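Examination of the molecular architecture
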Amino acid sequence: MSIQLKNISKHYGDQKALNEVTLTIDKGQITGLLGPNGAGKSTLMKIITGAILPTAGAAEVNGIDVVASPLQVQQSLGYLPEHNPQYLELYVREYLEYVAQLYKVDKGRIPTVIEQTVLGPEQHKKIGSLSKGYRQRVGLAAALIPDPEVLILDEPTTGLDPAQLIEIRTLLKNIATDKTVLFSTHIMQEVVELCDTAVFLQCGEIKRQCDRSEIEKGPAYLERLFSA
């Protein structure tokens, strides 16, 4: 299994951001994480990446203990945070070279990542000159630099127009053929098109999990579950 969480809790003072979340995501699955704002989605993803540590519970990524070895976990996965921070004054290829240097990855991997994310025509442009859709592609490219087995994507399609949505969904499908992907979203059609499993989070707890047979019932069905 790629991701295993057991009784994960995260408290900020008296506030419970997560409360005893237990979740297993098998290798090769695409899992959608759904829930209203404040449900704990970003907190859960940050714990999986080792960016923050849980108050209680155990988490493993590819068999690596997140609490004991957060840096080792970070080297084994790719992460696209919600706000996708980038150096807008850098050129696309220059930025990816910088990311490769941080990961201590040979720069020879960059052409492969550029091809995967269809950034060839944009690679010599400054990031600040790109549309939001292409900036998301750059963020995905950066997450793919270490060729991770696990990808964690926090609302990767927020704010994109319909054409950009289609492009990013297609890109995710292609990327996910040999990787485990966990991404958060509010878009039910996205879940239907991409996901093997869907996890509904509410008030820091898992409210429901759906397999592919339920997901195939469509966006309206998922919306009812989401709103119930």
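This is a predicted model, so every value here is computed, not measured.

Here we come to the sheet that holds strand E8 (residues 180–184). The strand order E6-E7-E8-E3-E9-E10 describes an open sheet built from six strands, whose pairing is mixed. Because the sheet does not close on itself, it has two edges, and the strands there are strand E6 (77–80) and strand E10 (205–210). Within the sheet, the average angular offset between the axes of one strand and its neighbour, ignoring direction, is 15°. By the bridge criterion, four bridges tie strand E3 (residues 30–34) to strand E9 (residues 197–202) in an arrangement that is parallel. Residue leucine 34 lies in a different strand from E9, and its bridge partner there is phenylalanine 200. Contacting E3, E6, strand E7 (150–154), E8 and E9, helix H1 (residues 41–49) runs over the sheet at an angle of about 150° to E7.

Relative to the assigned elements, glutamate 155 resides in the loop between E7 and helix H6 (162–175). For the buried residue glutamate 155, which engages in no salt bridge, the nearest side chain bearing the opposite charge is lysine 41, 4.4 Å off. Side chain to side chain, glutamate 155 and histidine 186 meet in a polar contact 3.4 Å long. With residues near it in sequence (within four places) discarded, glutamate 155 still touches Lys41, Glu82, Gln136, Ser184 and His186.

So, on to the nonpolar core. Nonpolar side chains in soluble globular proteins generally cluster together in the buried interior. If you look at the biggest cluster of nonpolar residues, it comprises 45 residues, and the most contacted ones within it are Tyr95, Leu96, Leu153, Ile215 and Leu222. With six residues, helix H5 (residues 132–144) is the single largest residue contributor to this core. Setting aside residues no more than four positions away along its own chain, leucine 96 makes contact with Ile110, Ile114, Val138, Ala141, Ala142 and Ile145. Of all hydrophobic cores here, the second largest spans 24 residues; its members include Val21, Ala39, Ile47 and Val199.

Turning our eyes to something else, we now look at the pattern of salt bridges. Under the definition given, this model contains nine salt bridges. Of the charged contacts in the structure, one is a salt bridge between arginine 169 and glutamate 190, with a shortest N-O distance of 3.5 Å. Placement of arginine 169 in helix H6 and of glutamate 190 in helix H7 (residues 188–194) is noted, with a sequence separation of 21 residues between them. Note on accessibility: arginine 169 and glutamate 190 belong to one class, buried. Here glutamate 193 ties to arginine 169 by a salt bridge, and the two come within 3.5 Å at their closest N and O atoms.

Taken as a whole and assessed by the stated rule, the structure comprises zero disulfides. In this structure cysteine 195 is not part of a disulfide, and its nearest cysteine sulfur, from cysteine 210, lies 10 Å away.

So, about the sheet that holds strand E2 (residues 15–25). As summarised here, the arrangement of the four strands in space is E2-E1-E4-E5, forming an open sheet in which the pairing is antiparallel. Taken across any chain shown, the strands that pair with only one partner, and hence form the sheet edges, are E2 and strand E5 (64–65). Of the strand pairs in this sheet, strand E1 (residues 3–12) and E2 are connected by seven bridges, and their pairing is antiparallel. Pairing of tyrosine 12 across the sheet is with glutamine 15, part of E2.

For the rest of this paragraph, the subject is the packing of H5 against H6. For the pair H5 and H6, the least separation of the axes is 10 Å and the interaxial angle reads 15°. The angle between H5 and H6 places the two elements in the roughly parallel class. Classified by chirality, the crossing of H6 by H5 is right-handed. Side by side, H5 and H6 meet where Lys132, Gly133, Gln136, Arg137, Leu140 and Leu144 of the first sit next to Gln164, Glu167, Ile168, Leu171, Leu172 and Ile175 of the second. In the contact of H5 with H6, the residues fall into six nonpolar, three polar and three charged.

Cut-offs applied
Within each chain, residues carry numbers counting from 1 in the order of the written sequence. Reporting in this predicted model follows two pLDDT cut-offs: at least 70 for local features of residues, and 80 or more for side-chain atom pairs to be given and counted; totals over whole chains, interfaces and linings ignore these cut-offs and use all residues. With hydrogens and water set aside, each side-chain value is computed from the structure's full complement of heavy atoms. For two strands to be treated as a pair, DSSP must find at least two bridges joining them. In this text, helices come from DSSP runs of H or I with a minimum length of four residues, and strands from runs of E with a minimum of two, each type numbered from the N-terminal end. Between N-to-C directions, angles span 0 to 180 degrees; the directions come from axes that are lines fitted to C-alpha atoms, helices contributing only their stretch in contact. Residues count as neighbours in contact if any of their non-hydrogen atoms are within 4.5 Å of one another. In this scheme, a residue with accessible area under 20% of its type's maximum is buried, one over 50% is exposed, and one in between is partly exposed, where area comes from a 1.4 Å probe on protein chains only. By the counting rule applied here, Lys and Arg register as positive and Asp and Glu as negative, while His and the ends of each chain are not counted. The salt bridge criterion pairs a side-chain nitrogen of Lys or Arg with a carboxyl oxygen of Asp or Glu, the two atoms within 4 Å. Polar contact criterion, stated in full: a pair of N or O atoms within 3.5 Å, where within protein one must be able to donate a hydrogen and the other to accept it, and residues adjacent in sequence count only if both atoms are side-chain atoms. Here, the term nonpolar core denotes a set of buried Ala, Val, Leu, Ile, Met, Phe, Trp, Tyr and Cys residues that are joined through side-chain atoms within 4.5 Å. Pairs of cysteine sulfur atoms within 2.5 Å are what we label disulfides. Just so you know how the angles are binned, under 35 degrees is roughly parallel, over 145 roughly antiparallel, 65 to 115 roughly perpendicular, and the rest oblique. If you view the pair so one helix is near and one far, a crossing is left-handed when the near helix is turned anticlockwise from the far one by less than a right angle, and right-handed when it is turned clockwise. Note on residue classes: Ala, Val, Leu, Ile, Met, Phe, Trp, Tyr, Cys and Pro are nonpolar, Asp, Glu, Lys and Arg are charged, and everything else, Gly too, is polar.

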